[in-house]
Amino acid sequence: MEPQIRTQIFPISIKTSDHQILENAATLIQEGRLVAFPTETVYGLGADAFNPEAVQSIFIAKDRPSTDPLIVHIESIEALRTVAINIPEMAWKLANRFWPGPLTLILEKHPKIPNAVTSGGNTVAVRVPNHQIALKFISLSGCPIAAPSANRFSKPSPTQAHHVWNDLHGRISMILDSGPTDIGLESTVLDLTQSPPCILRPGGISLEKLKFILPNVNTRTSFLTESKQKQISPGQLFKHYSPNAALLLFNGDDSRNVLAAMVAHMEQILNKQQSVGAMLVEEHLAFFHNLQQKGALIENLGSIEHIDIIAKNLFGCIRNLDSKNVDIILMHMLHDNELGLAINDRLVRASNDILWIDS
Ligand code: TXA
Ligand code: MG
């Protein structure tokens, strides 16, 4: 990171796709600079994946430990051969089904990929993003683009360009702003170097969808087991995506009991003169009207019938509450099916505690 570099931010539209702006972004990449760009999942912070110094500057800009490897973004399935070797048949099959899209494959790395990208490991994470701006940007850059999510380390991933601006202005050269991202959660990370293949991070492609093609797919642990472990020993898990506020998760078999416990907890917090917020699905808003009158801040995630909308709103809602400096945020955990698994995974990582409310 150069001390206080000037960050340019440009609105860019898929329709016109503003060629000159993209040309300038690609030139910056060729010069070893950092450009934040939209994908269908979250905004990425891109550098030339073949340029070790440029890749290293990503870690500095984000304050990210260099032990956490990056995803390499390519423009087409065929380009996979430029970044990975000994590619198994299953990789082509998954790529043909899910690319461009929110599935990241872990494969044996090509010798041309520098250690800075893979944190010294011999595997590489790769995906083709499903976003016209991202694809044009990669193509014009003429190289694969190494990119983590464009947030400061341990902040929620950015789903809008102003999230990137808030975290990284003065540290990166350019932000391409094409509005809110479509999915709002990061890609699913699938390790094909293990047998059977293993999901390291649930994300935009659900476990259910993957199982159609990979019936024997493993998960790193049961993600739910992880949340149960956390009840027993809070604080032992690696804290990630943390808001400034403390995040308390509520779960239980009977939603009415869970909601009643949340309301009681929020009243206690307000009585202690602390500020409190809740992220709620639309169907639960009515339970919290009185608390809102008393000053509790409520973020509407959208209807429980539309888990994709909830996914899209999640990180923005956390950032909204954080920007209002609430002390404590509460949320009812969701069911673990479809995108719910990835949402719960992010919530558990961000949380300080999980309260199980017995029926
Ligand atoms: O949707 C996404 O995946 C976004 C957009 C920008 O593409 N990117 C993203 O990158 O979320 P990041 O760096 O925030 O998360 C990448 C994840 C990390 O959990 C990292 O540990 C894992 O992928 N990863 C990267 N390379 C790996 C490797 N060689 N082996 C295992 N895990 C790897
Ligand atoms: Mg990230």
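Only a predicted model underlies this, so the values are computations on that prediction, with no experimental measurement involved. (Residues numbered from 1 in each chain as written. Chains lettered and ligands numbered in written order. Predicted model: local features only at pLDDT ≥ 70, side-chain atom pairs only at ≥ 80, totals over all residues. Heavy atoms only, no water.)

**Student:** Go over the nonpolar core with me, naming the residues and quoting the values.
**Tutor:** Where a protein is soluble and globular, its nonpolar side chains tend to be buried together. Residues Leu80, Leu94, Trp99 and Leu190 are the most contacted members of the largest nonpolar core, which totals 51 residues. Those elements that provide at least two residues to this core are β3 (44-48), α2 (52-62), α3 (89-98), β6 (103-109), α4 (115-118), β7 (123-127), α6 (161-168) and α7 (207-213). Among the nonpolar cores identified, the runner-up in size contains 27 residues, and Ile310, Ile329, Leu334 and Ala350 belong to it. (Core = buried A, V, L, I, M, F, W, Y, C linked by side-chain atoms within 4.5 Å. Buried < 20%, exposed > 50% of the residue type's maximum accessible area, 1.4 Å probe, protein only. Helix = DSSP H or I, 4+ residues; strand = E, 2+ residues; numbered from the N terminus.)

**Student:** Any chance you could break down the pairing of strand β11 (residues 198-201) for me, citing the residues and the numbers?
**Tutor:** Successive side chains on a regular strand alternate, one facing one side of the sheet and the next facing the other. Direction of pairing for strand β10 (residues 188-191) relative to β11: antiparallel, over a ladder of 3 bridges. Note on β11: the bridge partner recorded for Val189 is Arg201. Bridge analysis of β11 against strand β12 (residues 218-219) gives 2 bridges, and the strand direction is parallel. Across the sheet, residue Ile199 finds its bridge partner in β12, namely Thr219. (Pairing = 2+ DSSP bridges.)

**Student:** Which residues make up the environment of Ala84, and what are the values?
**Tutor:** Take Ala84: it is sitting in strand β5 (residues 84-85). Between the C-alpha atom of Ala84 and that of Lys109, which follows or precedes it by 25 residues, the distance is 4.5 Å.

**Student:** Any chance you could break down the packing of aromatic side chains for me, citing the residues and the numbers?
**Tutor:** Summed over all chains, the structure comprises 1 aromatic pair. Note that Lys112 overlies the ring of Phe50, its terminal NZ or CZ placed 4.3 Å from the centroid. (Phe/Tyr/Trp six-rings, centres within 6.5 Å; stacked < 30°, edge-to-face > 60°. Lys NZ or Arg CZ within 6 Å of the ring centre and 35° of its normal.)

**Student:** How would you explain the site of ligand 1 if you had to name every residue and give the values?
**Tutor:** Close to ligand 1 lie 20 residues, the nearest being Thr41, Asp68, His73, Ser187 and Arg201. Between ligand 1 and Thr41 there is a distance of 2.7 Å, counted from an oxygen atom to a side-chain nitrogen or oxygen. Within the contact set of ligand 1, an oxygen atom lies 2.7 Å away from a side-chain nitrogen or oxygen of Asp68. In the complex, 87% of the free accessible area of ligand 1, which totals 670 Å², lies under the protein chains. Going through the elements one at a time, β4 (71-73), β7 and β11 are the ones with two or more residues in the shell around ligand 1. Here the shell around ligand 1 takes 3 residues from β7, the largest share from any one element. The residue makeup of the shell around ligand 1, split by class, is 9 nonpolar, 6 polar and 5 charged. (Near = heavy atom within 4 Å. Polar contact = N/O pair within 3.5 Å; in protein donor to acceptor, adjacent residues only side chain to side chain. Areas by Shrake-Rupley, 256 points an atom, 1.4 Å probe, with all protein chains shown as cover. Nonpolar A, V, L, I, M, F, W, Y, C, P; charged D, E, K, R; others polar.)

**Student:** Describe the domain arrangement of the protein chain, naming the residues involved and giving the relevant values.
**Tutor:** One can read the domain layout of the protein chain as domain 1 (8-219) and domain 2 (246-356). Averaged C-alpha coordinates put domain 1 and domain 2 at centres separated by 29 Å. Each side of the interface is counted separately: domain 1 has 22 residues, and domain 2 has 16 residues. Both sides of the domain 1 and domain 2 interface together cover about 1,600 Å² of buried area, and 57% of this is carbon and sulfur. The largest contributions to the domain 1 side of the interface with domain 2 come from Pro156, Leu185 and Pro202, which together make up 36% of the buried area. The tally of links from domain 1 across to domain 2 stands at 2 salt bridges. The residue Arg346 makes a salt bridge to Glu186 at a minimum N-O spacing of 2.7 Å. Residue assignment for the side of domain 1 that touches domain 2 shows that the elements contributing at least two residues are α6 and α7. (Domains from an automatic or database assignment. Contact = heavy atoms within 4.5 Å. Buried area = accessible area lost by both parts, 1.4 Å probe. Salt bridge = Lys/Arg side-chain N within 4 Å of Asp/Glu carboxyl O.)

**Student:** I'd like to hear about the environment of Ser323, residue by residue, with values.
**Tutor:** Its place among the elements puts Ser323 in helix α11 (residues 307-323). Residue classification places Ser323 among the exposed positions, given a relative accessible area of 55%. Along the sequence, Ser323 and Asn244 sit 79 residues apart, while their C-alpha atoms lie 9.0 Å from each other.

**Student:** Explain the environment of Ile329 residue by residue, including any values.
**Tutor:** Mapped onto the secondary structure, Ile329 falls in strand β16 (residues 328-332). With a relative accessible area of 0%, Ile329 lands in the buried category. With 137 residues separating them along the chain, Ile329 and Leu192 place their C-alpha atoms 37 Å apart. Those residues within four positions of Ile329 in sequence are excluded, and the remaining contacts are Pro243, Ala245, Ala246, Leu247, Leu248, Gly277, Met279 and Leu321.

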